[in-house]
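One letter stands for each residue in the lines below.
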Amino acid sequence: MVKVCDIVERIKDVISKDYPDGKVLDKNVAYELGVSPSSLAVKKSRNLIAYDELTMFCIRRKINTNWLFFGIGDMEMDYAKKGL
């Protein structure tokens, strides 16, 4: 079963390089996904997956959806590794 809290942690891994101290909070993840922090908190507590927002995040950041949702494979999409 996919857990939203695991997805949020993977997103934190992706965006941590954008923060000088490397500390990424849930509110930073919410900003990246284009939702309010309270909306993200509700989704986490109810384990509701925001597929649209997560898919758009993957497209913007060239992240492999299998890695984001399941932790399977490489983090980056194959075309991102080739520099396309």
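All figures in this text were calculated on a predicted structure; none of them were measured in a lab.

Asker: Help me understand helix α1 (residues 4-15), please; the structure alone is not making it clear to me.
Answerer: Each α-helix turn comprises 3.6 residues. Residues three or four places apart therefore point the same way. The end-to-end C-alpha distance of α1 is 16 Å, a good match for the 16 Å that 12 residues give at a rise of 1.5 Å each. By the burial criterion, the buried members of α1 are V4, I7, V8, R10, I11, K12, V14 and I15. Where the residues of α1 are buried, they touch α2 (26-33), α3 (37-46), α4 (51-61) and α5 (65-70).

Asker: What is the right way to look at the environment of I7 in this model?
Answerer: Inspection of the secondary structure puts I7 in helix α1. For I7, a relative accessible area of 2% puts it in the buried group. Taking the C-alpha atoms as reference points, I7 and G71, 64 residues apart in sequence, are found 8.5 Å from one another. Apart from the residues within four sequence positions on either side, I7 is in contact with V2, L54, L68 and F69.

Thresholds applied
- Residues numbered from 1 in each chain as written.
- Predicted model: local features only at pLDDT ≥ 70, side-chain atom pairs only at ≥ 80, totals over all residues.
- Heavy atoms only, no water.
- Helix = DSSP H or I, 4+ residues; strand = E, 2+ residues; numbered from the N terminus.
- Expected span 1.5 Å × (residues − 1).
- Buried < 20%, exposed > 50% of the residue type's maximum accessible area, 1.4 Å probe, protein only.
- Contact = heavy atoms within 4.5 Å.

Bear in mind that shape data such as this cannot, by itself, settle questions of function.
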